[in-house]
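If you want the building blocks of each chain, they are given just below.
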Amino acid sequence: MKRKGWKSESGVCIPGDFEGRLPRMRASAVFPHVEDAPRFEKIGGSKKPDLKAFERRLTEYIHCLQPATGRWRMLLIVVSVCTATGAWNWLIDPETQKVSFFTSLWNHPFFTISCITLIGLFFAGIHKRVVAPSIIAARCRTVLAEYNMSCDDTGKLILKPRPHVQ
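Everything numeric in this text was worked out from a predicted model, so none of it was measured. (Residues numbered from 1 in each chain as written. Predicted model: local features only at pLDDT ≥ 70, side-chain atom pairs only at ≥ 80, totals over all residues. Heavy atoms only, no water.)

**Q** What am I meant to see in the confidence of the model for the protein here?
**A** Do not read the fine detail of predicted coordinates wherever pLDDT is low. Predicted confidence across the protein gives a mean pLDDT of 79, with 71% of residues reaching 70 or more. Averaged pLDDT values over the elements of the protein bottom out at 48 in helix 1 (residues 27-30) and peak at 96 in helix 5 (residues 109-124). Every residue in residues 14-22 scores below 50 in pLDDT, and together they form 21 contacts with partners more than four places removed in sequence or on other chains. In the model, residues 27-45 has pLDDT below 50 throughout and makes 31 contacts with residues more than four positions away in sequence or in other chains. (pLDDT = per-residue confidence, 0-100. Helix = DSSP H or I, 4+ residues; strand = E, 2+ residues; numbered from the N terminus. Contact = heavy atoms within 4.5 Å.)

Given below as structure tokens:
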């Protein structure tokens, strides 16, 4: 099944929004069989190939999210600044206190439109899209904790020492 936002066969990063949802990480997606879970032994002086492949895929996936996340952040900043500027002009206008609420909104269309746009963006899920790489990394940390592993915000795996049972 081909999902939007994943890397294509040609190696090109395909932007996508996952139809408004972020993909969930499952332990079965990381290690399909329990016996495939990492044992933390070094094989040939390096990590197991499946861990390397998982780390590479996770880092490239998070890297592919960065451009779209940056655009969503810029859009949120611009609309927020427009809303704040419109709110300031709306509040310092002496006519605002003398007329009804809806009339004052009608008299300040810049604030009204930017406020409606900001509310629409939040209903569309911009609050999730501006932190999408962090959400993916946090979900991976939750799954990887079962295997004494973690990852940083870029997707690099962190192997933790095996707990010693005495």
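**Q** Explain the nonpolar core here, please?
**A** Side chains that are nonpolar tend, in soluble globular proteins, to be buried together. Core analysis: the largest hydrophobic core is formed by 15 residues, its most contacted members being Leu58, Ile136, Cys140, Leu144, Met149, Cys151 and Leu157. Of all the secondary-structure elements, those providing two or more residues to this core are helix 2 (49-92), helix 7 (132-144) and strand 1 (149-151). For this core, the element with the most residues is helix 2, which contributes six residues. When sequence neighbours within four positions are dropped, the list of residues in contact with Cys151 reads Leu58, Ala137, Cys140, Arg141, Leu144, Lys156, Leu157 and Ile158. Listed in part, the six residues of the second largest apolar core include Leu118, Leu121, Ile126 and Val130. (Core = buried A, V, L, I, M, F, W, Y, C linked by side-chain atoms within 4.5 Å. Buried < 20%, exposed > 50% of the residue type's maximum accessible area, 1.4 Å probe, protein only.)

**Q** Is there a simple way to explain the packing of aromatic side chains in this structure?
**A** Both the distance between ring centres and the angle between the ring planes are used here to describe each pair of aromatic rings. The full count for this structure, using the stated rule, is three aromatic pairs. Relative to Phe101, the ring of Trp90 has its centre 6.1 Å away and its plane inclined at 75°; by these criteria the two rings are edge-to-face. Pair noted here: Trp90 is in helix 2 and Phe101 is in helix 4 (residues 101-107), with a separation of 11 residues, a long-range link. Pairing Phe101 with Phe102 gives two aromatic rings, centres 5.4 Å apart and planes at 70°, and the pair type is edge-to-face. You can call Phe101 partly exposed: its relative accessible area is 48%. What makes Phe102 exposed here is its relative accessible area of 67%. A network of ring pairs unites the aromatic residues Trp90, Phe101, Phe102 and Phe111 as a single cluster. (Phe/Tyr/Trp six-rings, centres within 6.5 Å; stacked < 30°, edge-to-face > 60°.)

**Q** Explanation requested: the packing of helix 2 against helix 5 in the structure shown.
**A** Helix-helix packing is described using two parameters, namely the angle between the two axes and the distance between the axes. Running from amino to carboxyl end, helix 2 crosses helix 5 at an angle of 145°, the nearest separation of the two axes being 8 Å. At the point where helix 2 passes helix 5, the crossing takes the left-handed sense. Residue-level contacts link Trp72, Leu75, Leu76, Val79, Ser80, Cys82, Thr83, Thr85, Gly86, Ala87 and Trp90 of helix 2 to Phe110, Phe111, Ser114, Cys115, Thr117, Leu118, Leu121 and Phe122 of helix 5. Split by residue class, the contact of helix 2 with helix 5 holds 13 nonpolar, six polar and no charged. (Axes fitted to C-alpha atoms, helices over the stretch in contact; angles between N-to-C directions. Left-handed = near helix turned anticlockwise from the far one by under 90°. Nonpolar A, V, L, I, M, F, W, Y, C, P; charged D, E, K, R; others polar.)

**Q** Explanation requested: the pattern of salt bridges in the structure shown.
**A** It is possible for side chains of opposite charge to pair when their charged atoms get near one another. By the definition in use, this model includes two salt bridges. Among the salt bridges present, the one from Arg141 reaches Asp153, with a minimum N-O distance of 2.7 Å. Placement of Arg141 in helix 7 and of Asp153 in the loop between strand 1 and strand 2 (157-159) is noted, with a sequence separation of 12 residues between them. For Arg141, a relative accessible area of 26% translates into the label partly exposed. (Salt bridge = Lys/Arg side-chain N within 4 Å of Asp/Glu carboxyl O.)

**Q** In this structure, what is going on with the packing of helix 2 against helix 7? I would like to understand it.
**A** Remark: helix 2 packs on helix 7, axes separated minimally by 8 Å, with the N-to-C direction vectors making an angle of 155°. The angle between helix 2 and helix 7 falls in the class roughly antiparallel. Residues Phe54, Leu58, Tyr61, Ile62, Leu65, Gln66 and Thr69 of helix 2 lie in contact with helix 7, whose contacting residues are Ala132, Pro133, Ile136, Ala137, Cys140 and Leu144. Counted by class, the contact of helix 2 with helix 7 contains 11 nonpolar, two polar and no charged residues. (Parallel < 35°, antiparallel > 145°, perpendicular 65-115°, else oblique.)

**Q** Quick question: what am I supposed to make of the state of the cysteines here?
**A** Put plainly, two cysteines are in a disulfide when a covalent bond ties their sulfur atoms together. Tallying each qualifying case throughout the model produces zero disulfides. The thiol sulfur of Cys140 is not disulfide-bonded, and the nearest other cysteine sulfur, from Cys151, lies at 5.1 Å. Judged by relative accessible area, which is 1%, Cys140 ranks as buried. (Disulfide = S-S within 2.5 Å.)

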